[in-house]
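Here's the letter readout for the chains.
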Amino acid sequence: MNKHQNGHGNGRLVAESRENMTFSVNREVFVSREILEREQRTLFDQCWIYVGHDSEVRNPGDFRTRWVAGRPIIFIRGQDGTARCLINSCRHRGATVCREREGTARNFFCMYHGWTYGLDGALRGVPGEEAYPPSFDKAKMGLVAAPRFENYRDFWFLNFDPGAPELVTYLAGAKEYIDLVVDQSPSGRMEIISGTQEYDIKANWKLLVENSVDDYHLIATHTTWLNYMRNSGVNVAPPKGSGLLLPTKGLGKDLGNGHLTTDNPNFRGRPVARWISVYGEEAKADIDAIRAELVQRVGEARAARIADTNRNLVVFPNLVINDGSSVTVRNFYPVAPDHMRVTAWALGPVEETEAQRARRLHAFLTFYGPGGFATPDDVAALEAVQQGFAAWRDVQWNDLSRGMARNDDQLDTDEGHIRVFWRRWSELMETPA
Amino acid sequence: MNTPRASAVSRAEVEDLFYREAELLDAWKLDEWLGLLTEDASYFVPPNDKPDADHRFTLFTIADDIVRLRERVIRLKDPNCHAEYPPSRTRRMISNVRVVATDGDTIAATANFVIYRFRRHAAPYVFVGHYNYQLKRQGGMLKIAERRAVLDAEELGSLGSVSFIL
């Protein structure tokens, strides 16, 4: 069977012709176990992968266990104050040595044979140690740490490739957009708010990359959310009169190394620092005060950049930071070609008052999350897409050419920024031998 | 809070309310269901990892005041509510109903639930948990002032979205 019919592909899964202005992705990339296996080895074992936020392990001994890049991980702050990323697997026979979701630990105890490890991973105790031969070296039997573990402005990432470039180099243009999020805090300190949204989507993980930054789908998929905004007295039409430092219209941007973002004028309100009617009249003075602090700290122009624009940022390959009606940090992993696990958190400035925090969380739930007015419809859309892919042999190609004929900036409703992801995916997955 | 007084409310009356509510929700008679609520009712689904938390400080799955709850009903009746179109078939089993406290016109009651949700070509979704209710006696009618649906699952996981009313 000719796998690349219709003149597409030339044997490639991501087929682009700038001359003909075509960009297609073969649907095999969403259904193939073999491709998923290669993604695990190529993307998740070689890219910087998000682990957690510094605020989640605030005090010595604080830990979180989670799955990162297919591995059980302990994200832990040691007694020395250093955040570490340890692989949660006993060096003896493999059991996870920490089985709680989160907490504060003094050590890790393997329930299988009783080996005990310090918070830095060092092997401390081995019951019946005298039975081991001289070759057994306790000093070399500590929990294995991720080969690389670095943070940018409190966002911690690991890398299983010891030779990878530094995180700050890897992040490239994404740093500027992380800054726009973190600078919302007067002290430059954001925190993950308690409460985790963990839900599965029966769809390929890459579909959530696309969906998280795809503004073309807003009108069709999120009609009921737009209705809710309208019913609440929010003007949902894009504002006029931005410019200079601010995007005059929604844009889709290439941030290098496969990272991408939307960059949109805000018209849905933001807890920092743009009031809309759903927040209530009583919130107006408070949001004005947040704005005044921001202007005083960073100046008019930067304040407008932070407060009057939204961004949905993808850090390649699987971290999304949506900074709009609230801030969500969203991470997701493939379980199977047609199945992903999503974890989502809310992020806010550490200085927020109770009223400000409550307003942020209320705004979050209006749009985002498994009980929000929008996310469940995204999930439904992605699952419908995955069902359609069952016919991938018959209907082979996704079209992602939207906006290719445009001479100036790509809009957020174009697919230029989504093509950024696919080009990087193709570079890593399809580089000719 | 006083200890329950048989004269304030009977378990049978609370059960009748819960069974009626389950019937309306399973039948997607959502406007009628809103009629069981007070004018300032709220509806909460706490996050699976923090079931006892306060929605003002913790990210919930759902934390609706009456304004957003009414909007949720508008959304759920709209064919553009893609997650629930066509509407899921649901069946609620409500059990272990107890009146736990009364205080004037306010009654605290709890119940366990198992809610089966079916969608075409999908494996059944089974939501298991308990409700904490605050009920109010208004003009002789027992009404729901607050309902909190607490899921037992450690994470939503394969339950996916909470796109219908638990």
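Residues numbered from 1 in each chain as written. Chains lettered and ligands numbered in written order. Predicted model: local features only at pLDDT ≥ 70, side-chain atom pairs only at ≥ 80, totals over all residues.

**Details of the overall build of chain B**
Alright, step 1. For chain B, the count of helices and strands is 3 helices and 6 strands.
Alright, step 2. In chain B, the succession of helices and strands from N to C terminus is α-α-β-β-α-β-β-β-β.
Alright, step 3. Here chain B has a C-alpha radius of gyration of 16 Å; the compact-globule value for 166 residues is 15 Å, and the two agree.
Alright, step 4. Along the first, second and third principal axes, the C-alpha set of chain B runs to 50 × 30 × 30 Å.
Alright, step 5. Across the 166 residues in chain B, those meeting the buried criterion constitute 34%. (Helix = DSSP H or I, 4+ residues; strand = E, 2+ residues; numbered from the N terminus. Rg over C-alpha atoms; globule rule 2.2 N^0.38 Å. Buried ≥ 20, exposed ≤ 12 C-beta atoms within 10 Å, placed from the backbone.)

**Observations regarding the sheet that holds strand β3 (residues 49–53) of chain A**
Residue and element names in this part refer to chain A.
Alright, step 1. Ordered in space as β3-β12-β11, the 3 strands form an open sheet in which the pairing is antiparallel. What marks the edges here is a single partner per strand, and that holds for β3 and β11 (148–152). The mean angle between the axes of side-by-side strands here comes to 30°, regardless of whether they run parallel or antiparallel.
Alright, step 2. Of the pairings in the sheet, the one linking β11 to strand β12 (residues 155–159) comprises 5 bridges and is antiparallel in character. Bridge pairing in β12 links Y152 to F155. (Pairing = 2+ DSSP bridges. Axes fitted to C-alpha atoms, helices over the stretch in contact; angles between N-to-C directions.)

**What to know about the pairing of strand β5 (residues 71–77) of chain A**
Regular strands place side chains that alternate from one sheet face to the opposite one.
All names here are of chain A.
Alright, step 1. With 5 of 7 residues buried, β5 is to be regarded as a mostly interior element.
Alright, step 2. Pairing of strand β4 (residues 62–68) with β5 involves 6 bridges; the strand directions are antiparallel. When the sheet's bridge partners are listed, F63 is paired in β5 with I76.
Alright, step 3. Following β4, the chain reverses through 2 residues before pairing antiparallel with β5; A69 in that reversal takes a positive phi of roughly 50°.
Alright, step 4. Of the strand pairs in this sheet, β5 and strand β6 (residues 83–87) are connected by 5 bridges, and their pairing is antiparallel.

**Structural notes on the domain arrangement of chain A**
All names here are of chain A.
Alright, step 1. Under the domain assignment, chain A is made up of domain 1 (51–159) and domain 2 (172–430).
Alright, step 2. A separation of 33 Å is found between the C-alpha centroids of domain 1 and domain 2.
Alright, step 3. Between domain 1 and domain 2, the contact holds 9 residues from the first and 8 residues from the second.
Alright, step 4. Here the side of domain 1 that touches domain 2 is composed, by residue class, of 3 nonpolar, 3 polar and 3 charged. (Domains from an automatic or database assignment. Contact = placed C-beta atoms within 7 Å. Nonpolar A, V, L, I, M, F, W, Y, C, P; charged D, E, K, R; others polar.)

**As for helix α3 (residues 66–77) of chain B**
Alright, step 1. Along its 12 residues, α3 of chain B runs 17 Å from first to last C-alpha, staying within 8% of the 16 Å computed at 1.5 Å per residue.
Alright, step 2. Every buried residue of α3 of chain B is accounted for by R68, E71, R72 and R75 of chain B. One side of α3 of chain B holds all its buried residues, which, seen down the axis, span an arc of 110°.
Alright, step 3. Buried residues belonging to α3 of chain B abut α6 (223–231) of chain A together with β2 (62–64) of chain B. (Expected span 1.5 Å × (residues − 1). Arc of directions from axis to C-beta.)

**Quick notes on the environment of E56 of chain A**
All names here are of chain A.
Alright, step 1. The residue E56 is located in the loop between β3 and β4 in this model.
Alright, step 2. Separated by 43 residues in the primary sequence, E56 and R99 place their C-alpha atoms 17 Å from one another.
Alright, step 3. Leave out the neighbours within four places in its chain, and E56 touches R64, F75 and I192.

**Focus on the sheet that holds strand β1 (residues 37–45) of chain B**
Residues and elements named next belong to chain B.
Alright, step 1. Taken in spatial order, the 6 strands of this open sheet run β2-β1-β6-β5-β4-β3, and their pairing is mixed. Only two strands of the sheet have a single partner each, and these edge strands are β2 and β3 (89–103). Sheet twist, expressed as the mean angle between neighbouring strand axes with direction ignored, is 20°.
Alright, step 2. In the packing of α3 onto the sheet, the strands contacted are β1 and β2, and the crossing angle to β1 comes to about 80°.

**What about the environment of D414 of chain A?**
Residues and elements named next belong to chain A.
Alright, step 1. Mapping D414 onto the fold places it in the loop between β21 (397–399) and α11 (416–430).
Alright, step 2. When the 22 C-beta atoms within 10 Å are taken as the criterion, D414 is described as buried.
Alright, step 3. Considered as a pair, D414 and G403 are 11 residues apart in the sequence and their alpha carbons are 4.9 Å apart.

**As for the interface of chain B and chain A**
Alright, step 1. With 31 residues of chain B in contact, the opposing surface of chain A contributes 34 residues.
Alright, step 2. Secondary-structure elements contributing two or more residues to the side of chain B that touches chain A are β2 and α3 of chain B.
Alright, step 3. Examining the composition of the side of chain B that touches chain A, we find that 3 residues originate from one element, α3 of chain B, more than from any other.
Alright, step 4. Within the side of chain B that touches chain A, the residues separate by chemical class into 13 nonpolar, 11 polar and 7 charged.

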